[in-house]
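# Per-entry structural report
So you can see what is in the structure, the chains are spelled out below.
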Amino acid sequence: MAVWITSLLAFSALVYTTEAFRCQHERDLEPGTNETNFAIRPQRSLDNKLLWITNMNMFLFGSIDNPQNTKFEAGFYNDETDELVYKVIIDCQNSAWKTMYQPKRGNPKRWRSGTIDGGCPTGEFDLIATIGCLDYQDDLHDPSYPLPCARMAYFVFNGQVLEHDLQQVERGWGIHTVLGSMYAEELPVYIRTAKTFKARVMREGTTFNQEAYGKCVEFPTSLHENCEAAREYVLSRSEYLNSAVSVPSMAPMSMLYQPRCNADNPLIFQTEQPSVVPDGSSFVNGQGFDTCCCSYTDGFLADCRNNLGGDINCAYRGTAYEDFKGRCTKYNLPMRVFDADTGRYEMHPIEA
């Protein structure tokens, strides 16, 4: 069954760092990269609880030059033993995919397999791995249907959920029974034993150019020059109910949050970004708090605050929102400025 689913910036005058659209980790890879890996470090809430098995997304972006030869793999590994936990193999030559896991004994075993709808077109691709249960679902707290969050993960390739046998919860309302949220089936392995994500080109024809992870959204670096395209991309990969191609309950939930574009020029990002994914560290007693950020016109974020102390930082109307707009005014310029002498984009921090 194939299912289709519709930077934080810390700065000073001298020191600054960039991250993705509220991701824990983001990196543009060197041209021609055919192997990469990064450590996964679960966030903790303000009450010091691990946020590992709630919704977290891994992003891998790349370019396919030769679909007839492209084959690559990506997935989760044990950082201590370097042993496979769970991975997907994308075989563009045969328009096929398969997932594999490592049992307690013996060699890796195939879990599920299927066809890549439409094959692998030449050009940019994206692979998203989503792990754990969705943060917002009431089913998480339903004792009659305890979800195996630590054994839940699935991959999304160019918008196609690579999954079979989707699970759906039956919920009773008086004499009526309705089908509730949709979930990936339980895996034979615990995903949270994996603290490393790896990707490797198995047959030439593709390269990797960007990676990220976190309770976050992410979009290709090239789309920092086109807010409208970035927003369209995020919505096309998200559970966003107003999107014409959304599939409820079976998409990277974090990507419901999306970039806001300038009303007069949709190519540039709005300086106020009130729909940023909730700050992963701003969970207390299971409750999340809205996060909002100021944004440069190329979508790199700055001055992010949350509503942990009350609805004073992030609001859609009233005095708090006007204060939010006011503090974001100075970011009305690109963070990266093209230097004709060097032929490169240079960072353009603002003094605090």
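Residues numbered from 1 in each chain as written. Predicted model: local features only at pLDDT ≥ 70, side-chain atom pairs only at ≥ 80, totals over all residues. Heavy atoms only, no water.

## So, the pattern of salt bridges
According to the stated counting rule, one finds 11 salt bridges in the structure shown. With a shortest N-O distance of 3.6 Å, arginine 151 and glutamate 186 are connected by a salt bridge. Here arginine 151 is found in the loop between strand 11 (123–131) and strand 12 (153–157), whereas its partner glutamate 186 is found in the loop between strand 15 (176–183) and strand 16 (196–203), with 35 residues between them in sequence. In this structure glutamate 186 comes out as partly exposed when scored by relative accessible area, which is 42%. The salt bridge partner of arginine 327 is aspartate 303, with a shortest N-O separation of 3.1 Å. Residue arginine 327 is found in helix 2 (residues 318–328), and its partner aspartate 303 is found in strand 22 (residues 301–306); the two are separated by 24 residues along the sequence. Here the salt bridges do not stand alone but share partners, grouping Glu73, Lys87 and Arg200 into one network. (Salt bridge = Lys/Arg side-chain N within 4 Å of Asp/Glu carboxyl O. Helix = DSSP H or I, 4+ residues; strand = E, 2+ residues; numbered from the N terminus. Buried < 20%, exposed > 50% of the residue type's maximum accessible area, 1.4 Å probe, protein only.)

## Section: the side chain of glutamine 258
Relative to the helices and strands, glutamine 258 resides in the loop between helix 1 (227–236) and strand 18 (272–276). In this structure the side chain of glutamine 258 is engaged in a polar contact, spanning 3.4 Å, whose partner is the side chain of arginine 231. (Polar contact = N/O pair within 3.5 Å; in protein donor to acceptor, adjacent residues only side chain to side chain.)

## Comments concerning the environment of asparagine 37
Its place among the elements puts asparagine 37 in strand 5 (residues 35–39). In this structure the C-alpha to C-alpha distance between asparagine 37 and phenylalanine 197, which are 160 residues apart in sequence, comes to 5.5 Å. Not counting residues up to four positions away in its chain, the partners in contact with asparagine 37 are Arg27, Thr196, Phe197, Lys198 and Glu211. (Contact = heavy atoms within 4.5 Å.)

## Some remarks on the state of the cysteines
Simply put, the disulfide is a covalent bond whose two ends are the sulfur atoms of two cysteines. Within the structure shown, the criterion is met by 5 disulfides. With its sulfur 2.0 Å from that of its partner, cysteine 23 forms a disulfide with cysteine 216. Negative torsions about the S-S bond denote left-handed disulfides, and the value of about 85° found for cysteine 23 with cysteine 216 makes this one right-handed. Of this pair, cysteine 23 sits in the loop between strand 3 (16–18) and strand 4 (25–33) while cysteine 216 sits in the loop between strand 17 (206–214) and helix 1; the two residues are 193 residues apart in sequence, bridging distant segments of the chain. In this pair, the class of cysteine 23 matches that of cysteine 216, namely buried. Between cysteine 294 and cysteine 328 runs a disulfide, and the two sulfur atoms are separated by 2.2 Å. (Disulfide = S-S within 2.5 Å.)

## A short note on the pairing of strand 9 (residues 96–101)
Two strands pair when backbone bridges link them, and strand 8 (residues 84–91) and strand 9 are joined in this way by 6 bridges, in the antiparallel orientation. For tyrosine 86, the partnering residue across the bridge sits in strand 9 and is tyrosine 101. Counting the residues that bridge the hairpin from strand 8 to strand 9 gives 4 residues, and of these serine 95 lies at a positive phi of roughly 50°. Bridging between strand 9 and strand 10 (residues 109–115) involves 5 bridges; their strand directions are antiparallel. Paired with alanine 96 across the strands is threonine 115, a residue of strand 10. (Pairing = 2+ DSSP bridges.)

## Quick look at the nonpolar core
Membership of the largest hydrophobic core comes to 38 residues, with the highest contact counts inside it found for Ile40, Met58, Phe76, Tyr86, Ile90, Phe157 and Ile191. The set of elements that each furnish at least two residues to this core consists of strand 6 (56–64), strand 7 (71–77), strand 8, strand 9, strand 11, strand 12, strand 16 and strand 17. Judged by nonpolar contacts, the second largest core, of 25 residues, contains Cys227, Tyr233, Met255 and Phe269. (Core = buried A, V, L, I, M, F, W, Y, C linked by side-chain atoms within 4.5 Å.)

## Topic: the confidence of the model for the protein chain
The share of residues in the protein chain with pLDDT of 70 or more is 78%, and the mean pLDDT across the chain is 81. The low-confidence segment residues 1–18, where pLDDT is below 50, has 79 contacts with residues more than four positions distant or belonging to other chains. Scored below 50 in pLDDT, residues 241–248 shows 18 contacts in the model against residues more than four places distant or in partner chains. (pLDDT = per-residue confidence, 0-100.)

## Things to note about unusual backbone geometry
Positive phi, close to 65°, is recorded for aspartate 82, a residue that is not glycine. Structurally, the position occupied by aspartate 82 is in the loop between strand 7 and strand 8. Even without a glycine there, the phi angle at asparagine 158 is positive, about 50°. Looking at the element boundaries, asparagine 158 is found in the loop between strand 12 and strand 13 (160–162). Judged by relative accessible area, which is 16%, asparagine 158 ranks as buried.

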